[in-house]
Amino acid sequence: MSDGQSEGGRLFFTSDIYRAERKKREEDGRTVPEAARDIPVHTSCDVLVVGGGPAGTAAAVAAARRGADVVLLERYNHLGGLSTGGLVIWIDRMTDWDGKHVIRGFADELLSRLKPDSIAGPSRDVWGSRDEECASYWALRTAAYHGIVTYSPTIDPEWLKAESLAMARESGVRIMFHGLGASPIVEGTTIRGCIFESKQGRRAILAGVTIDATGDGDLYAMAGATYSTEVDERDIHGSMNTPWLFGDVDMEAFLRFRSETPDQFASFMARGRESVGFFDKPSVSWRRDVAVFMGPRLAGYSPLDIDDLTEVELKSRDLMVAHLNFYRKHAPGFEAATLMLSAPQIGVRHGRRLDGLGKVTRDLWDGRIANDEIGVSPSLSPKFANVSIPYGCIVPRNLEGLLAPGRHLSCDATSHSFMREIPQCWLTGHAAGAAAAIAADRGIDVAKVPIDELRACLAEQGAHLNEIPARQMSREAV
């Protein structure tokens, strides 16, 4: 992956992105009738979180710790979403370019629970280091960019599942696995909960506040919220794939091959593209004998289309076997490589982006502090300041009773390149949970949550926040 720019600096993340053309299935216009029916209410709660990925898990824990009765509905059998089931085990930058730890709160607590043998990355004393030798070492291990070492650890996905679940249970969250959020319960423009599909059929959960943490904005889209699906297909955030792990490798040998013989490595990559077609290089994991492949990244597909999702799964799994065969024959350190795991969750980077009361845009990269700041994100490059994240980016413009943290929040396409990452999902999920609990407790809409009270709750739960200048405090937040 490179961090080049084009067209006035709009495109920041580029990589080997492979576009596959296919003929779309055409609808034939037929329908079948479905009889009206009463749907049993499974349970009710103060705060319902639909989706147990990074944003949803953080939201559920934060809301429960604020005193809310919380139900967390998750379609799989684990929490963590793409950070666990999606094998996005490389947790991108949580420090800024000066080495300051800015994404904290839920994220910091969760990672601090991992034992030393389930997390790997640079130690705190080198965060922000510009030492050439140190940065070169960590650049090969996905933790240094622009010659600067960052806090970007790799983690054991099974232990992250375990600790995510433990935090939720310890906080009093009521967890429901194997339930797929199917449609919001809407009264006028207010969300009253969600209908879900399960082995017991369609059932309903009633809630004071609902948090759409589906990742693709499924609930807010069905409820009538406005949103965008536009992406730049040259940027990796518009691509999909199913990652995998290879075991029984020697990643140190492979990294020496990559760094010490660059010409041979370039030839290896060229031969791989010629032989396999869509071809990618591995990244380090939490163990030296495990490699993670986060690609090849496939463009031209939509995560909102079931046929596209299926085709990406099929192509990714074929590519996994083809990569194994090629790497065994030609890559130092991979002579005895074995198939370890293909991700049970497809790697979706972008589906929808909310039209919110606020928005993370390129204009906010200049260091200005949002009146309704809920967290601070590192910027994409040392040339930009830290980004102040506004509460309004998770509040729908034309719905009440619903919040939308995570990768489907309100932002422009360029800002989405980093706002979709795991740490930023933890950040916005944390804020959504605290806000939902306050709204449910006070009996107010989420757009009316007092920002000072929300920020006080987040600070108490360990989040890093800027001080809002006094001259801004009297302005409307969202």
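Anything mentioned here points back to the structure above.
Basis of the calculations
Residues numbered from 1 in each chain as written. Predicted model: local features only at pLDDT ≥ 70, side-chain atom pairs only at ≥ 80, totals over all residues. Heavy atoms only, no water. Helix = DSSP H or I, 4+ residues; strand = E, 2+ residues; numbered from the N terminus. Buried < 20%, exposed > 50% of the residue type's maximum accessible area, 1.4 Å probe, protein only. Contact = heavy atoms within 4.5 Å. Pairing = 2+ DSSP bridges. Expected span 1.5 Å × (residues − 1). Core = buried A, V, L, I, M, F, W, Y, C linked by side-chain atoms within 4.5 Å. Axes fitted to C-alpha atoms, helices over the stretch in contact; angles between N-to-C directions. Parallel < 35°, antiparallel > 145°, perpendicular 65-115°, else oblique. Left-handed = near helix turned anticlockwise from the far one by under 90°.

Novice: Tell me what's going on with the environment of Met269, and back it up with residues and numbers.
Specialist: Within the secondary structure, Met269 sits in helix α7 (residues 262-276). Residue classification places Met269 among the buried positions, given a relative accessible area of 5%. Placed 87 residues apart in sequence, Met269 and Ala182 show a C-alpha to C-alpha distance of 43 Å. In this structure Met269 touches Phe279, Asp280 and Lys281, once residues within four positions along its chain are discounted.

Novice: Could you give me a rundown of unusual backbone geometry, with the residues and numbers involved?
Specialist: Residue Pro296 is bonded to the preceding Gly295 through a cis peptide linkage, with omega at 5°. Positive phi, close to 60°, is recorded for Asp248, a residue that is not glycine. In this structure, Asp248 sits in the loop between β14 (244-247) and α6 (251-260). Taking relative accessible area as the criterion, Asp248 reaches 47% and is therefore assigned partly exposed.

Novice: Describe the sheet that holds strand β18 (residues 338-342), naming the residues involved and giving the relevant values.
Specialist: Across the sheet, which stays open at both edges, the four strands sit in the order β15-β16-β14-β18 with antiparallel pairing between neighbours. The open sheet terminates on both sides in strands that have one partner only, identified here as β15 (283-284) and β18. Here β14 runs beside β18; their pairing, made up of four bridges, is antiparallel. Looking across to β18, one finds that Gly247 is bridged to Thr338.

Novice: A description of helix α10 (residues 422-442) should follow, citing residues and the corresponding values.
Specialist: In this model, α10 (21 residues) spans 30 Å end to end at C-alpha, consistent with the 30 Å of a helix rising 1.5 Å per residue. Most of α10 sits out of view: 18 of its 21 residues are buried. Count one or two residues on from α10 and you reach Gly443, which has phi positive near 70°.

Novice: How would you summarise the nonpolar core if you had to cite specific residues and measurements?
Specialist: Counting residues in each nonpolar core, the largest one holds 78 residues, and the members touching the most others are Tyr391, Leu403, Trp426 and Leu454. For this core, the element with the highest residue contribution is α10, accounting for 11 residues. With residues near it in sequence (within four places) discarded, Leu403 still touches Thr210, Ile211, Asp212, Tyr391, Ile394, Val395, Pro396, Ala432, Ala435, Ala436 and Val446. With 31 residues, the next largest nonpolar core counts Phe293, Leu298, Leu324 and Tyr327 among its residues.

Novice: Give me the packing of α10 against helix α11 (residues 451-460): which residues, what numbers.
Specialist: As a packed pair, α10 and α11 sit with axes 10 Å apart at the nearest point and diverge in direction by 125°. The orientation of α10 relative to α11 falls into the category oblique. Crossing handedness for the pair α10 and α11: right-handed. Within the contact between the two elements, α10 uses His430, Ala431, Ala434, Ala435, Ile438 and Arg442 and α11 uses Glu453, Leu454, Cys457 and Leu458.

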